[in-house]
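# Structural overview for review
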Amino acid sequence: MPNSSDTPWWIVRHSSIHQRGVFARRDIPKETRIIQYVGEKITKAESERRGNELAAKAAKTGGAAVYIFTLNKKHDLDGSKSFNTARLINHSCEPNCEAFISRGQIWIYAKRDIQANEELSFNYGFGLDTWEDHPCRCGSPRCIGYILDEQYWPKLRRILKAREAKQQRIAELEARAQLLQKELDEMTPAPKKAAKKTRKAAAKKK
Ligand SMILES: [Zn+2]
């Protein structure tokens, strides 16, 4: 298998998906180990602390990049450091790369043959609990709209479908309510006339 440290397969360029991206410098054969995802090895507790910090930041600013990778049951890898070029690889719903953990290291592999100048991408594998925080703009025809591990796609489709059905039902009820209100308005005497009569009646008494 070709080694990425001898021959860099990649190059960083401007990306139409999101700011910068990593591109194939030349043709990359399927299953090539392209680049290592490096970072700081941290405990799950520290990972949770950093994750919460990111979530708080995202709530304030409307977005925060997540670079924390699950390594094993005890440790995660924080890849937010600038020396980790692999952090610039964008997510795609139809990726040409895949992230693999082998012997405590995370590597980005070619999922298929990749042509020179293609943008490299992999599925970030995010969980279902935060899907709404991470809209996807990968532009792939099979984009599901959110950055999400593919194993949760069927579940998300059900959630989105239920949400759409609810929205439609609300719209229907609102339209019906408007019709009923109109009918009610037509049946009820205008309030102004009623008010005048009362005033006249009161004046006669005086
Ligand atoms: Zn997408």
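So, a few notes on the structure that sits alongside this text. Note that the structure is a prediction, hence the values are computed from the model and not measured. (Residues numbered from 1 in each chain as written. Predicted model: local features only at pLDDT ≥ 70, side-chain atom pairs only at ≥ 80, totals over all residues. Heavy atoms only, no water.)

### Section: the pattern of salt bridges
Cut-off, in case you're wondering: Any Lys or Arg side-chain nitrogen located within 4 Å of an Asp or Glu carboxyl oxygen qualifies as a salt bridge. By the criteria applied, helices consist of DSSP H or I runs no shorter than four residues and strands consist of E runs no shorter than two, each listed in order from the N terminus. Throughout this description, buried means an accessible area under 20% of the type-specific maximum (1.4 Å probe, protein chains only), exposed means over 50%, and partly exposed covers the range between.
Applying the stated criterion across every chain yields a total of eleven salt bridges. Between Arg49 and Glu53 there is a salt bridge; the shortest N-O distance is 2.9 Å. One end of the pair, Arg49, and the other, Glu53, are both in helix 1 (residues 44–61), four residues apart, so they sit about a helical turn from each other. In this structure Glu53 comes out as partly exposed when scored by relative accessible area, which is 48%. It is possible to trace a salt-bridge network through shared partners that takes in Glu40, Glu46, Arg49, Arg50, Glu53, Asp78 and Lys81.

### Considerations on the nonpolar core
Stated formally: The criterion is simple. A nonpolar core is a set of buried Ala, Val, Leu, Ile, Met, Phe, Trp, Tyr and Cys residues joined through side-chain atoms within 4.5 Å.
Membership of the largest hydrophobic core comes to 20 residues, with the highest contact counts inside it found for Ile28, Ile34, Ile89, Cys97, Ile108, Ile114 and Leu120. Looking at this core, the elements that each hand over two or more residues are strand 2 (20–24), strand 3 (33–37) and strand 9 (105–110). Among the nonpolar cores identified, the runner-up in size contains twelve residues, and Cys93, Cys136, Cys138 and Tyr146 belong to it.

### Describing the coordination of the zinc ion
The expected angle between donors at a tetrahedral four-coordinate metal is 109.5 degrees. At an octahedral six-coordinate metal it is 90 or 180 degrees. For the record, the criterion: A donor here means any N, O or S atom no more than 2.8 Å from the metal (3.2 Å for Na, K and Ca); water is not included, so a site may seem to lack partners.
Donor atoms from the polypeptide that coordinate the zinc ion comprise Cys93 (SG), Cys136 (SG), Cys138 (SG) and Cys143 (SG), at 2.3 to 2.4 Å from the metal. Going along the chain, you hit the donors of the zinc ion in the pattern C-x42-C-x1-C-x4-C. Residue classification places Cys138 among the buried residues on the basis of a relative accessible area of 12%.

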